[in-house]
Amino acid sequence: MAAARKRILKEYTECSNDTPPGMKINFDEQNMTEWEILMDGPEQSVYSGGHFKLRLTFPNEYPFKPPVVSFKTKIYHPNISNDDKGSMCLGMLRPDAWKPPNKVISVLHLVRTLLIEPNVDDAIEASIAGEFKDNKKGFEKTAKEWVKQYAK
């Protein structure tokens, strides 16, 4: 765990120096394996104007196992589970795709990009992905309503 803590501290420093736009990381040295991330919805997305809370949790085996990203703020998105877990379907975070050289800063940039352009081919919420493909205006309307309701 000592090597993981050293790596997490190094990655926090990197993230602090290059935080993606609209993100703030709350870091507690007493509990470095769990980061709270506050993220503004990207301007060029239907989530613009929303404020989202995410949790990034590092396993004891980090960096050999991937961190887990979850949305604590409810969001209408095909790649984020519509339950109280807010699990995120992100290709690079799958155990078979994660590589130890991968960095948290890349994960944060990818989360932001996914809000701008959902990946409907890798959806965790199939019905929302279907709506995104077949009725984009309906998807955007519902997503914006959820932003107003949950992401104030």
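Quick caveat: nothing in here was measured; it's all calculated off a predicted structure.

Here is what the cut-offs are and how they apply
- Residues numbered from 1 in each chain as written.
- Predicted model: local features only at pLDDT ≥ 70, side-chain atom pairs only at ≥ 80, totals over all residues.
- Heavy atoms only, no water.
- Buried < 20%, exposed > 50% of the residue type's maximum accessible area, 1.4 Å probe, protein only.
- Helix = DSSP H or I, 4+ residues; strand = E, 2+ residues; numbered from the N terminus.
- Arc of directions from axis to C-beta.
- Contact = heavy atoms within 4.5 Å.
- Expected span 1.5 Å × (residues − 1).
- Phe/Tyr/Trp six-rings, centres within 6.5 Å; stacked < 30°, edge-to-face > 60°.
- Lys NZ or Arg CZ within 6 Å of the ring centre and 35° of its normal.

Draft legend 1. View of helix 3 (residues 126-134). Among the residues of helix 3, Ile-128, Ala-129, Glu-131 and Phe-132 are the ones counted as buried. The buried residues of helix 3 occupy an angular sector of 160° when the element is viewed end-on, so they sit on one face. Seen from the open side of helix 3, the exposed residues pointing more than 90 degrees away from its buried face are Ala-126, Ser-127, Lys-133 and Asp-134. On its buried side, helix 3 packs onto helix 4 (136-150).

Draft legend 2. Quick look at helix 4. In this model helix 4 runs 21 Å from its N-terminal to its C-terminal C-alpha over 15 residues, within 8% of the 21 Å that 1.5 Å per residue would give. What helix 4 keeps buried is the set Gly-138, Phe-139, Thr-142, Ala-143, Trp-146 and Val-147. The elements touched by buried residues of helix 4 are strand 3 (51-57) and helix 3.

Draft legend 3. Looking closely at the packing of aromatic side chains. Using the criterion set out here, one finds twelve aromatic pairs in the structure. Seen in terms of ring centroids, Trp-35 and Phe-58 are 5.1 Å apart; in terms of plane orientation they differ by 65°. Their pairing is edge-to-face. With Trp-35 in strand 2 (residues 34-40) and Phe-58 in the loop between strand 3 and strand 4 (68-71), this residue pair connects regions lying 23 residues apart in the sequence. The exposure class of Trp-35 is buried, given its relative accessible area of 1%. We classify Phe-58 as buried; its relative accessible area is 4%. Seen in terms of ring centroids, Tyr-62 and Trp-98 are 6.1 Å apart; in terms of plane orientation they differ by 40°. Their pairing is tilted. Of this pair, Tyr-62 sits in the loop between strand 3 and strand 4 while Trp-98 is found in the loop between strand 4 and helix 2 (104-116), placing the two residues 36 residues apart along the sequence. Comparing Tyr-62 with Trp-98 shows no difference in burial state: the two are buried. Three or more aromatic residues joined by ring pairs form one cluster here, namely Tyr-12, Phe-27, Trp-35, Phe-58, Tyr-62 and Trp-98. Between Lys-74 and the ring centre of Tyr-150, over which it is positioned, the NZ or CZ distance is 5.9 Å.

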